[in-house]
Amino acid sequence: MDTVLATLGGQSSRRVIVDLDDPDEPDLHFVLTAALREWADDLRHQVQDDPKHPNRADFLRWAEAADRLHERIDEAL
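Residues numbered from 1 in each chain as written. Predicted model: local features only at pLDDT ≥ 70, side-chain atom pairs only at ≥ 80, totals over all residues. Heavy atoms only, no water.

Chemist: Honestly, the nonpolar core in this entry has me stumped. Any pointers?
Modeler: As a rule of thumb, nonpolar side chains are buried together in soluble globular proteins. If you look at the biggest cluster of nonpolar residues, it comprises ten residues: L20, L28, L36, A40, L43, V47, F59, A63, A66 and I73. Contributing elements (two or more residues each) for this core: α2 (28–49) and α3 (56–76). Broken down by element, this core gets its largest block of residues, five residues, from α2. Not counting residues within four places of it along the chain, the set of residues in contact with A66 comprises L36, W39 and A40. (Core = buried A, V, L, I, M, F, W, Y, C linked by side-chain atoms within 4.5 Å. Buried < 20%, exposed > 50% of the residue type's maximum accessible area, 1.4 Å probe, protein only. Helix = DSSP H or I, 4+ residues; strand = E, 2+ residues; numbered from the N terminus. Contact = heavy atoms within 4.5 Å.)

In structure tokens, the structure reads:
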């Protein structure tokens, strides 16, 4: 997690590297992927419940991005 925090603190980089094998964070993979799934599902439910939601296109695009990131994490393991 030190790498993530250091990268997030820097202004010159928009890249975050997460070590999913970090022995100090054994639950990191689960927490990250569960959060991505939950957030994507929540976005989809919001637009499903309100078809005229003003941010519908953004929410659906973000949910798809979360799905792709989740897949990339699973493929990396």
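Anyway, onward from the coordinates.
Chemist: Quick question: what am I supposed to make of the side chain of H70 here?
Modeler: Within the element layout of this structure, H70 appears in helix α3. Beyond its immediate chain neighbours, meaning those up to four positions away, H70 contacts T33, L36 and R37.

Chemist: What is the right way to read the packing of α2 against α3 from this model?
Modeler: In a packed pair of helices, the relevant descriptors are the angle between the two axes and the axis-to-axis distance. Two elements in contact, α2 and α3, have axes separated by 9 Å at closest approach and are oriented at 155 degrees. Between α2 and α3, the crossing angle belongs to the class labelled roughly antiparallel. Classified by chirality, the crossing of α3 by α2 is left-handed. Here H29, L32, T33, L36, R37, W39, A40, L43, R44, Q46 and V47 of α2 come into contact with α3, specifically with R56, F59, L60, W62, A63, E64, A66, D67, L69, H70, I73 and D74. Taken together, the residues that form the contact of α2 with α3 break down as 13 nonpolar, four polar and six charged. (Axes fitted to C-alpha atoms, helices over the stretch in contact; angles between N-to-C directions. Parallel < 35°, antiparallel > 145°, perpendicular 65-115°, else oblique. Left-handed = near helix turned anticlockwise from the far one by under 90°. Nonpolar A, V, L, I, M, F, W, Y, C, P; charged D, E, K, R; others polar.)

Chemist: Help me out: how do you make sense of the side chain of H53 in this one?
Modeler: Structurally, H53 is set in the loop between α2 and α3. For H53, a relative accessible area of 17% gives the class buried. Those residues within four positions of H53 in sequence are excluded, and the remaining contacts are Q46, V47 and F59.

Chemist: Even after reading the chapter, I still don't get α2, so can you show me in this structure?
Modeler: Owing to its 3.6 residues per turn, the α-helix brings residues three or four apart onto one side. Here α2 contains 22 residues, and its C-alpha end-to-end distance of 31 Å stays within 8% of the 32 Å for a straight helix at 1.5 Å per residue. Those residues of α2 that are buried lie in contact with α3. (Expected span 1.5 Å × (residues − 1).)

Chemist: So what exactly am I meant to see when it comes to the environment of A66 here?
Modeler: Structurally, A66 can be placed in helix α3. Along the chain, A66 and R37 lie 29 residues apart, while their C-alpha atoms are 7.2 Å from each other.

Treat this as a map of the structure, not an account of what it does.
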